[in-house]
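Chains, contacts and geometry: an overview
Listed below are the residues making up each chain.
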Amino acid sequence: MHEPVLELSGVSFSYGDKAVLEDINLIVNSGDFLGIVGPNGSGKSTLLKIIVGLLRPATGTVKLFGIKRHLFREWTRVGYVPQKVTAFNHGFPATAEEVVMSGLTAMLGVFKRPGRHERQMVDEAMENTGVSQLRKRIIGELSGGQQQRVFIARALVSRPQMLILDEPTVGVDVEAQGKFYELLAELRREQGITLLMVSHDIGVVTEKVQSVACLNKKLYFHGSPEDFWAGENLSQLYGSPVRALYHAH
Ligand SMILES: Nc1ncnc2c1ncn2[C@@H]1O[C@H](COP(=O)(O)OP(=O)(O)O)[C@@H](O)[C@H]1O
Ligand SMILES: [Mg+2]
């Protein structure tokens, strides 16, 4: 039931000679909701790119669903919403439905055209994320919150068991954020999906997640939100004034 869906051991990474991640060890179990927090430039997005196979670690191993990364082929089991997907300009010429359908490309290959089954999967993903009524709308003309849901639908269309989100609430208004967290809770409850979310909003995140990981090149902490707040994690990550600031609300 709670077998690891993700295991990192001794993972390091550099861009050229700039070391960005150092000796990361992390296990995420099935059904967990993990929030990864850390200051700007702490390597959060880089870590996610390594997990989803876009970057190769310099050292260490990554296992997905118990399979070593270089042998792993079942990428449809992993949904990924990259950072800043909602920063489209108005002219971007795809409809919401086309964006969601593009999430099936990995499954279909480039040459196969979508059939009835694929259309059903698109319908289902759009329904589950509450964007069915936007299907013919141009993506660049939607609000930040609407675009976010379309991209979550795109990540969910292959029915992944793990959903990975990079700063999903940036550029999304407060009301849409509330709905977004409701959607995540529903996905966990009804589909048992494992969630991995990067955010810099520590206050909000620690209210919503089951466990927290603090990253700043190294992984400083991994545990419950309660233990996170009980420890000296914020001062380690950001310096001491931040701790007082976050405790104030
Ligand atoms: N493609 C890249 N080439 C060189 N350096 C990069 C690249 N992407 C990110 N970096 C640098 O690596 C560090 C970590 O970046 P990133 O993983 O995006 O951090 P975060 O998501 O926590 O803000 C930063 O210093 C950033 O400037
Ligand atoms: Mg980032």
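Here the structure is a predicted model, which is why all the values come from computation and not from measurement.

**Overview of the site of ligand 1**
- Near ligand 1, the surroundings consist of Tyr 15, Val 20, Gly 38, Asn 40, Gly 41, Ser 42, Gly 43, Lys 44, Ser 45 and Thr 46.
- Tallied by class, the residues present in the shell around ligand 1 amount to two nonpolar, seven polar and one charged.

**Quick look at unusual backbone geometry**
- Here Arg 159, not a glycine, exhibits a phi torsion of approximately 55°, which is positive.
- Tracing the sequence through the fold places Arg 159 in the loop between helix 5 (144–156) and strand 7 (162–166).

**Some details on the sheet that holds strand 6 (residues 78–81)**
- The sheet built from six strands is open, its strands ordered 6-7-8-3-9-10 with mixed pairing. The sheet is open, and its two borders are formed by strand 6 and strand 10 (218–223), each paired with just one other strand. Across the sheet, the axes of successive neighbouring strands diverge by a mean angle of 15°, strand direction being ignored.
- Strand direction decides the pairing type here: strand 3 (residues 33–37) and strand 9 (residues 211–216), joined by four bridges, are parallel. Paired with Val 37 across the two strands is Cys 214, which belongs to strand 9.
- Strands in contact with helix 5 are strand 6 and strand 7; relative to strand 6, the strand with the most contacts, it is inclined by about 155°.

Scoring rules and cut-offs
Residues numbered from 1 in each chain as written. Chains lettered and ligands numbered in written order. Predicted model: local features only at pLDDT ≥ 70, side-chain atom pairs only at ≥ 80, totals over all residues. Near = placed C-beta within 6 Å. Nonpolar A, V, L, I, M, F, W, Y, C, P; charged D, E, K, R; others polar. Helix = DSSP H or I, 4+ residues; strand = E, 2+ residues; numbered from the N terminus. Pairing = 2+ DSSP bridges. Axes fitted to C-alpha atoms, helices over the stretch in contact; angles between N-to-C directions. Contact = placed C-beta atoms within 7 Å.

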